[in-house]
Amino acid sequence: MLIKGMTPQEIRVLQEFRRMTAETLPLAAIKAIKHPVGGGDAPALSLIQKGYLTVDDGRQNFTLTPKAKEFLAYDPKPEFEEATTAGGDDAENDAH
(Lines give C-alpha, C1' and ligand atoms only; values in the text may rest on other atoms or scores of the structure.)
Protein backbone atom coordinates (compact mmCIF):
# COMPACT_ATOMS: atom_id res chain seq x y z
CA MET A 1 0.00 0.00 0.00
CA LEU A 2 1.36 3.40 -0.95
CA ILE A 3 0.80 6.37 1.32
CA LYS A 4 1.05 9.86 -0.15
CA GLY A 5 2.96 8.50 -3.15
CA MET A 6 5.67 6.80 -1.08
CA THR A 7 7.11 3.32 -1.47
CA PRO A 8 7.02 0.85 1.42
CA GLN A 9 10.80 1.29 1.79
CA GLU A 10 10.44 5.07 2.13
CA ILE A 11 7.69 4.69 4.72
CA ARG A 12 9.88 2.25 6.65
CA VAL A 13 12.73 4.79 6.71
CA LEU A 14 10.42 7.44 8.17
CA GLN A 15 9.04 4.95 10.69
CA GLU A 16 12.60 4.25 11.84
CA PHE A 17 12.95 7.91 12.85
CA ARG A 18 9.79 7.52 14.94
CA ARG A 19 10.95 4.22 16.44
CA MET A 20 14.31 5.72 17.40
CA THR A 21 12.62 8.97 18.56
CA ALA A 22 15.22 10.87 16.57
CA GLU A 23 15.10 13.81 14.21
CA THR A 24 18.47 12.90 12.68
CA LEU A 25 19.87 9.47 11.82
CA PRO A 26 23.33 8.61 10.49
CA LEU A 27 23.79 6.89 7.14
CA ALA A 28 24.80 3.66 8.91
CA ALA A 29 21.42 3.53 10.71
CA ILE A 30 19.57 4.17 7.43
CA LYS A 31 21.47 1.37 5.68
CA ALA A 32 20.83 -1.00 8.62
CA ILE A 33 17.03 -0.78 8.24
CA LYS A 34 15.68 -4.17 7.22
CA HIS A 35 13.44 -4.16 4.15
CA PRO A 36 11.79 -7.19 2.53
CA VAL A 37 12.92 -5.82 -0.86
CA GLY A 38 15.26 -2.97 -1.71
CA GLY A 39 16.83 -0.81 0.94
CA GLY A 40 20.24 0.71 1.43
CA ASP A 41 20.34 4.47 1.17
CA ALA A 42 18.10 4.69 -1.94
CA PRO A 43 14.82 5.19 -0.01
CA ALA A 44 16.38 7.98 2.07
CA LEU A 45 17.78 9.67 -1.02
CA SER A 46 14.37 9.59 -2.71
CA LEU A 47 12.82 11.07 0.46
CA ILE A 48 15.20 14.02 0.06
CA GLN A 49 13.84 14.63 -3.43
CA LYS A 50 10.26 14.40 -2.10
CA GLY A 51 10.98 16.92 0.67
CA TYR A 52 10.77 14.57 3.68
CA LEU A 53 14.47 14.49 4.58
CA THR A 54 17.52 16.70 4.32
CA VAL A 55 21.11 15.49 4.30
CA ASP A 56 24.32 17.15 5.45
CA ASP A 57 27.09 18.10 3.01
CA GLY A 58 28.95 14.85 3.61
CA ARG A 59 25.77 12.80 3.01
CA GLN A 60 26.29 11.11 6.36
CA ASN A 61 23.33 12.39 8.43
CA PHE A 62 19.68 12.52 7.43
CA THR A 63 17.26 14.89 9.18
CA LEU A 64 13.46 15.05 9.17
CA THR A 65 11.82 18.06 7.55
CA PRO A 66 8.59 19.64 8.85
CA LYS A 67 6.77 17.72 6.09
CA ALA A 68 8.12 14.43 7.47
CA LYS A 69 7.24 15.39 11.04
CA GLU A 70 3.68 16.11 9.92
CA PHE A 71 3.53 12.71 8.21
CA LEU A 72 4.82 10.94 11.33
CA ALA A 73 2.39 12.83 13.56
CA TYR A 74 -0.54 11.33 11.68
CA ASP A 75 -1.89 8.49 13.81
CA PRO A 76 -4.96 6.93 12.20
CA LYS A 77 -7.35 5.07 14.46
CA PRO A 78 -9.46 2.10 13.37
CA GLU A 79 -13.08 3.04 12.71
CA PHE A 80 -14.41 1.01 15.63
CA GLU A 81 -12.29 3.05 18.07
CA GLU A 82 -13.66 6.28 16.65
CA ALA A 83 -17.22 5.00 16.98
CA THR A 84 -16.60 3.98 20.59
CA THR A 85 -15.03 7.33 21.39
CA ALA A 86 -17.85 9.21 19.69
CA GLY A 87 -20.41 7.22 21.67
CA GLY A 88 -18.57 7.99 24.89
CA ASP A 89 -18.49 11.69 24.10
CA ASP A 90 -22.26 11.78 23.51
CA ALA A 91 -22.95 10.11 26.83
CA GLU A 92 -20.55 12.47 28.55
CA ASN A 93 -22.20 15.50 26.93
CA ASP A 94 -25.66 14.28 27.99
CA ALA A 95 -24.49 14.06 31.61
CA HIS A 96 -23.55 17.76 31.67
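## Quick word on the environment of Glu 16
Item 1. In this structure, Glu 16 sits in helix H1 (residues 8–20).
Item 2. Judged by its relative accessible area of 8%, Glu 16 falls in the buried class.
Item 3. Along the sequence, Glu 16 and Ile 33 sit 17 residues apart, while their C-alpha atoms lie 7.6 Å from each other.
Item 4. Leaving out residues up to four positions away in the same chain, Glu 16 has contacts with Leu 25 and Ile 33.
Item 5. Here Arg 19 takes part through its side chain, which lies 2.8 Å from a polar atom of the side chain of Glu 16.

## Things to note about the packing of aromatic side chains
Item 1. The tally for this structure, following the rule as stated, stands at one aromatic pair.
Item 2. Residues Tyr 52 and Phe 71 carry aromatic rings whose centres are separated by 6.2 Å and whose planes lie at 80 degrees to one another, so their mutual orientation is edge-to-face. With Tyr 52 in the loop between helix H3 (42–49) and strand S2 (53–55) and Phe 71 in helix H4 (residues 66–73), this residue pair connects regions lying 19 residues apart in the sequence.
Item 3. According to the relative accessible area criterion, Phe 71 is buried, its value standing at 9%.

## Structural notes on the environment of Pro 36
Item 1. Its place among the elements puts Pro 36 in the loop between helix H2 (27–32) and H3.
Item 2. Look at Pro 36 and you get exposed, because its relative accessible area is 83%.
Item 3. Spatially, the C-alpha atom of Pro 36 lies 8.6 Å from that of Gln 9, the residues being 27 residues apart in sequence.

## Considerations on the packing of H1 against H4
Item 1. In contact at an axis separation of 10 Å, H1 and H4 are set at 80 degrees when each is read in the N-to-C sense. Here H1 lies roughly perpendicular to H4, going by the angle between them. On H4, the residues that touch Ile 11, Leu 14, Gln 15, Phe 17 and Arg 18 of H1 are Ala 68, Phe 71 and Leu 72.
Item 2. Partitioned by chemical class, the residues of the contact of H1 with H4 number six nonpolar, one polar and one charged.

## Remarks on the pattern of salt bridges
Item 1. Summed over the entire model, instances satisfying the criterion amount to four salt bridges.
Item 2. A salt bridge links Lys 50 to Glu 10, with the nearest nitrogen and oxygen atoms 2.8 Å apart. Of this pair, Lys 50 sits in the loop between H3 and S2 while Glu 10 sits in helix H1, placing them 40 residues apart in sequence.
Item 3. Lys 50 gets classed as partly exposed once you look at its relative accessible area, which sits at 31%.
Item 4. A salt bridge links Arg 12 to Glu 16; the nearest nitrogen and oxygen atoms lie 3.1 Å apart. One end of the pair, Arg 12, and the other, Glu 16, are both in helix H1, four residues apart, so they sit about a helical turn from each other.

Definitions and limits used
- Residues numbered from 1 in each chain as written.
- Predicted model: local features only at pLDDT ≥ 70, side-chain atom pairs only at ≥ 80, totals over all residues.
- Heavy atoms only, no water.
- Helix = DSSP H or I, 4+ residues; strand = E, 2+ residues; numbered from the N terminus.
- Buried < 20%, exposed > 50% of the residue type's maximum accessible area, 1.4 Å probe, protein only.
- Contact = heavy atoms within 4.5 Å.
- Polar contact = N/O pair within 3.5 Å; in protein donor to acceptor, adjacent residues only side chain to side chain.
- Phe/Tyr/Trp six-rings, centres within 6.5 Å; stacked < 30°, edge-to-face > 60°.
- Axes fitted to C-alpha atoms, helices over the stretch in contact; angles between N-to-C directions.
- Parallel < 35°, antiparallel > 145°, perpendicular 65-115°, else oblique.
- Nonpolar A, V, L, I, M, F, W, Y, C, P; charged D, E, K, R; others polar.
- Salt bridge = Lys/Arg side-chain N within 4 Å of Asp/Glu carboxyl O.

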